[in-house]
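Chains, contacts and geometry: an overview
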Amino acid sequence: MSSIARTIAVFCGSRLGNDPIYQNVAEQAGAVLAREGIRLVYGGGANGLMGVVADSVIRAGGEVTGVIPEFLTVREKMHECVSELIVTASMHERKQIMFARAEAFWILPGGFGTFDEMMEILTWRQLERHDKPIILVNTANWGEAVVAMLETAVRQGFASEQARALLQVVPDVETALACSVWQERSAPVPVDTL
Ligand SMILES: Nc1ncnc2c1ncn2[C@@H]1O[C@H](COP(=O)(O)O)[C@@H](O)[C@H]1O
């Protein structure tokens, strides 16, 4: 059975970026998730766009799960007001929990950490460890360079067109929502096989 995801992981920056348009999209993402009754799973911080998305969901009465490694609780200012906060022993445990709980992934503007999270979830899909939608919201074309990198790999013969197509690139959050269709599985991939 396919339906819109009930829990969506958002990967985005722990900084705000230098254009208010990035904060706007983070606020919109939170508002849309809350409006649709979709739980947000995210990195658990109060800083940057991560904090903006979480605050926006909370303000609109939605549900938020934050997942943060113990060593980042100070540096990324652990969010105190989320519905559920999971403090993990490591970054790997954080990623596994976010992966297991989410039924779709939205990539919003961010930096190196966001790129890492996107590439990992994308390569897990390339390796057929899951079939959850991965959607990059390309606000103000912020993702141009990362998409160009993927397309260069295809041109150079290091990746297939099919693998490139696993990342959906959309202009806005409403389109991301429409693409967040997930096929329910009776047996999800166990996270310890990743
Ligand atoms: N290597 C990493 N793996 C997973 N997550 C990471 C890594 N480095 C940083 N992060 C987290 O990603 C978000 C966003 O980071 P930005 O660099 O601001 O995009 C943040 O929670 C980092 O802890």
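Look a little higher up for the structure.
I will try to describe carefully the structure that is included in this document.

Rules and cut-offs
Chains are numbered independently. Their residues run from 1 in the order of the written sequence. Where totals are concerned, whole chains, interfaces and linings use all residues; where local detail is concerned, this predicted model gives features only for residues with pLDDT of at least 70, and gives and counts side-chain atom pairs only at 80 or more. Side-chain metrics in this entry use all non-hydrogen atoms of the structure; hydrogen atoms and water are not considered. Cavity: a set of points on a 1 Å grid over the protein atoms alone where a 1.4 Å probe fits but cannot get out. Pocket: an open set with protein on both sides within 12 Å along at least five of seven lines, its lining residues, like those of a cavity, having an atom within 4 Å of a point. Grid points are joined across faces, edges and corners, and a volume is the space filled by probe spheres set on the points. Numbering goes from the N terminus for both helices and strands, where a helix is a DSSP run of H or I of at least four residues and a strand is a run of E of at least two. Working convention: axes come from line fits to C-alpha atoms, limited for helices to the stretch in contact. Angles between N-to-C directions cover 0 to 180 degrees. Our angle categories are set so that under 35 degrees counts as roughly parallel, over 145 as roughly antiparallel, 65 to 115 as roughly perpendicular, and the remainder as oblique. The sense of a crossing depends on the near helix, which, turned anticlockwise from the far helix by less than a right angle, makes the crossing left-handed and, turned clockwise, makes it right-handed. Whether two residues are in contact is decided by their heavy atoms, any of which lying within 4.5 Å being enough. Gly counts as polar in this scheme, as do all residues outside two lists: the nonpolar Ala, Val, Leu, Ile, Met, Phe, Trp, Tyr, Cys and Pro, and the charged Asp, Glu, Lys and Arg. Just to be clear on terms, a salt bridge is a Lys or Arg side-chain nitrogen sitting within 4 Å of an Asp or Glu carboxyl oxygen. A 1.4 Å probe rolled over the protein chains alone gives each residue an accessible area, and that area as a share of the maximum for its type sets the label: buried under 20%, exposed over 50%, partly exposed in between. Expected span, for any helix, means 1.5 Å times one less than how many residues it has. Comment: arc refers to directions from the helix axis out to C-beta atoms.

**Notes on the layout of surface pockets**
The calculated volume of the largest pocket comes to roughly 630 Å³. Every element with two or more residues in the lining of the largest pocket is listed here: strand E2 (7-11), helix H2 (48-59), helix H3 (91-101) and helix H4 (112-126). With five residues, the single largest contributor to the lining of the largest pocket is H4.

**What to know about the packing of H3 against H4**
Running from amino to carboxyl end, H3 crosses H4 at an angle of 60 degrees, the nearest separation of the two axes being 12 Å. The angle between H3 and H4 places the two elements in the oblique class. Note that H3 runs across H4; the crossing there is right-handed. Residues Arg94, Lys95 and Phe99 of H3 form the contact with H4, whose own contacting residues are Asp116, Glu117, Glu120, Ile121 and Trp124. Its residues placed into classes, the contact of H3 with H4 shows three nonpolar, no polar and five charged.

**Considerations on the pattern of salt bridges**
One pass over the structure, following the stated rule, counts ten salt bridges. The salt bridge involving Arg6 is made with Glu103; its shortest N-O contact spans 2.5 Å. Separated by 97 residues along the polypeptide, Arg6 in the loop between strand E1 (2-4) and E2 and Glu103 in the loop between H3 and strand E6 (104-107) bring together distant segments of the chain. Taking the shortest distance from any N to any O, the salt bridge between Arg39 and Glu84 comes out at 3.8 Å. Residue Arg39 is found in strand E3 (residues 39-42), and its partner Glu84 is found in strand E5 (residues 84-88); the two are separated by 45 residues along the sequence. For Glu84, a relative accessible area of 25% gives the class partly exposed. The network of salt bridges with common partners includes Arg39, Glu63, Glu84 and Arg101.

**Section: helix H5 (residues 144-155)**
Look at H5: 16 Å from first C-alpha to last across twelve residues, which is about the 16 Å you get at 1.5 Å a residue. Along H5, the residues that are buried comprise Val146, Val147, Leu150 and Val154. Along the axis of H5, the buried residues cluster in a sector spanning 100 degrees; they form a single face. Facing away from the buried side of H5 by over 90 degrees, the exposed positions are Glu144, Ala145 and Arg155. Residues of H5 that are buried in the fold lie against H4, strand E7 (134-137), helix H6 (161-164) and strand E8 (167-170).

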